[in-house]
Amino acid sequence: QSLAMVFLVMDIRHPLQPQDMVWLDFIDQIEGETWIVLNKMDAFGRGKQMQAQRVVQDYCKKSGIDAQILLCSAQKKQGLDSLLATVRSGLCGK
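Residues numbered from 1 in each chain as written. Predicted model: local features only at pLDDT ≥ 70, side-chain atom pairs only at ≥ 80, totals over all residues. Heavy atoms only, no water.

Caption draft 1: Structural view of the overall build of the protein chain. The helix and strand tally for the protein chain stands at three helices and three strands. The order of α-helices and β-strands along the protein chain, N terminus first, is β-α-β-α-β-α. A globule of 94 residues ought to have a C-alpha radius of gyration of about 12 Å, and the protein chain, at 13 Å, matches this closely. Overall, the C-alpha framework of the protein chain stretches about 40 × 30 × 20 Å when taken along its three principal axes. Of the contacts formed within the protein chain by residues at least 6 apart in sequence, a portion of 71% connects residues at least 24 apart. Positive and negative side-chain charges of the protein chain, numbering 11 and 10 respectively, have mean locations separated by a distance of 10 Å. (Helix = DSSP H or I, 4+ residues; strand = E, 2+ residues; numbered from the N terminus. Rg over C-alpha atoms; globule rule 2.2 N^0.38 Å. Contact = heavy atoms within 4.5 Å. Lys, Arg positive; Asp, Glu negative; His and termini not counted. Charge placed at Lys NZ, Arg CZ, Asp CG, Glu CD.)

As structure tokens, then:
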């Protein structure tokens, strides 16, 4: 059996650290949806958030990794509703 979803949490201020890229390569070998969660979104304004997201998207595209990206802030509780809805959909198979 394969995993339905795999989530990799990255600090939005420092995305794609060497260990993140190792995990992405590993996760790419697993069947199931890959989700990258860029945490600490409250540390950046909207422009820098989008820039960080674009950097991660470009890396995934260049590497052939099919991944969805979510932004959140655990501390400020931003984006958690979307994250929770995504997790629920994976658990319920919808």
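Read on for the rest.
Caption draft 2: Structural detail: a negative patch on the surface. A cluster of acidic residues, Asp25, Asp28, Glu33 and Asp66, forms a negative patch at the surface. Note on placement: Asp66 falls in the loop between helix 2 (46-63) and strand 3 (67-71). (Patch = residues over 30% accessible without salt bridge, like charges linked within 9 Å, V, L, I, M, F, W, Y side chains within 5 Å. Areas by Shrake-Rupley, 256 points an atom, 1.4 Å probe, with all protein chains shown as cover. Salt bridge = Lys/Arg side-chain N within 4 Å of Asp/Glu carboxyl O.)

Caption draft 3: Broad picture of helix 1 (residues 18-28). Residues of helix 1 that are buried include every one of Asp20, Leu24 and Ile27, and no others. Relative to the axis of helix 1, the buried residues are bounded by an arc of 70° and lie together on one face. In helix 1, the exposed positions angled more than 90 degrees off the buried face are occupied by Pro18 and Val22. The inward-facing, buried residues of helix 1 contact strand 1 (5-11), strand 2 (33-39) and helix 2. (Buried < 20%, exposed > 50% of the residue type's maximum accessible area, 1.4 Å probe, protein only. Arc of directions from axis to C-beta.)

All we've got here are geometric facts, nothing functional implied.
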